[in-house]
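Secondary and tertiary structure notes
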Amino acid sequence: MNDFFLALFFISLTVGVYLGARMFYQKFPYPFTLPLVVGTLVMIAILVVFRIPYDAYSVGGEWIERLLGPAVVALAYPLYKQLSMLKKYFTSIVVGVFVGAIIGITSGLLLAKWLGVEEMLIYSLVPKSVTTPVAMDVAKTLGGAPPLAAIFVMVAGIGGVVLAPYLFKWFKINHFIGKGIGTGSASHAIGTAKALENSEEEGAASSVAMTLSAIVVSVLGPMLVFLLY
C-alpha cells in the first residue's frame, strides 16, 4: 500500500472514530465522554490491538495535524463577532490571563521540584498550558524535549476540559468570562473548542485567553524557571 492510500485510510479511520465518539457523546453527554477523550482512547486501542506502528499512522495523521493551524486561526471569527464584549471586559481578561499563566507555570514547576523530577522533564512541563507549537518552541529554548512538551500540552488540554465542568460547579463560576478565561488559559485550543460549544461569548473569551497566555508564558516561563531553579 503506497503512502497516498495509507494516508487516506488513516484519515478516514480517524474521522470515522471521531464521528462515532461524537454520536456517543450526544447520547451520554458527560465530561468523561467528550469526543476528544473517547476518540483518542479508541484510536490508541486500535493501534495497540492491531500493532500498527505510529510511523504508519502518522502518514495520514500528520495531515490532520496540519489542519490545527488553520483551525486555531478560524477561532478569530467568533472573537471578531464578540469584539464589543471583549472591549468591555478587557481589564478582567488581561488580569485573569496573567494570573492564570503564572499559576500554571509555578504550580507545575513547584510540584515537579517537590517530586524530584529531572530538569529536562521540568523544562518540558513549563509550557503545558499553551498551544502545541508555542509549547514546543518554549520547551526547546529552555532545554526541554519538544515531543514531551506536546504530550504535556495534550494531557493539560484534555484534563482541563474533563475537569472544568466540575471545578466551575464546585467554585460556583457561572459567568461566561470566568469560564472562558479559565478554560483558555489552562486548556488552550482544546478548551476553546469546548467553550465554543457552550456559547460564542465564552468561546471568544477563551480564544483571547489562549492567545494572551501563549505570549505571557513565552516571556515569563524562562524568567520563572531562572528564579526557581
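Described below are features of the structure shown in this document. (Residues numbered from 1 in each chain as written. Predicted model: local features only at pLDDT ≥ 70, side-chain atom pairs only at ≥ 80, totals over all residues. Heavy atoms only, no water.)

Looking now at the overall build of the protein. The number of helices and strands found in the protein is twelve helices and zero strands. Going from N to C terminus, the protein has its helices and strands arranged as α-α-α-α-α-α-α-α-α-α-α-α. If one aligns the C-alpha atoms of the protein with their principal axes, the spans along those axes are about 55 × 40 × 30 Å. Within the protein, the fraction of its 229 residues that count as buried is 39%. Here the contacts in the protein between residues at least 6 apart in sequence split such that 68% fall between residues at least 24 apart. A total accessible area of about 13200 Å² is found for the protein, and carbon and sulfur atoms account for 72% of it. Positive and negative side-chain charges in the protein, numbering 14 and 11 respectively, have mean positions lying 12 Å apart. (Helix = DSSP H or I, 4+ residues; strand = E, 2+ residues; numbered from the N terminus. Buried < 20%, exposed > 50% of the residue type's maximum accessible area, 1.4 Å probe, protein only. Contact = heavy atoms within 4.5 Å. Areas by Shrake-Rupley, 256 points an atom, 1.4 Å probe, with all protein chains shown as cover. Lys, Arg positive; Asp, Glu negative; His and termini not counted. Charge placed at Lys NZ, Arg CZ, Asp CG, Glu CD.)

So, on to unusual backbone geometry. The phi torsion at R51 lies on the positive side, around 50 degrees, for a residue other than glycine. As for its position among the elements, R51 is in the loop between helix 2 (35-49) and helix 3 (54-66).

Within the structure shown, the criterion is met by two salt bridges. Notably, a salt bridge pairs E200 with K81, separated by 3.4 Å at the nearest N-O pair. Pair noted here: E200 is in helix 12 (residues 200-228) and K81 is in helix 5 (residues 76-81), with a separation of 119 residues, a long-range link. On the basis of relative accessible area, K81 is assigned to the partly exposed category, the value being 43%. (Salt bridge = Lys/Arg side-chain N within 4 Å of Asp/Glu carboxyl O.)

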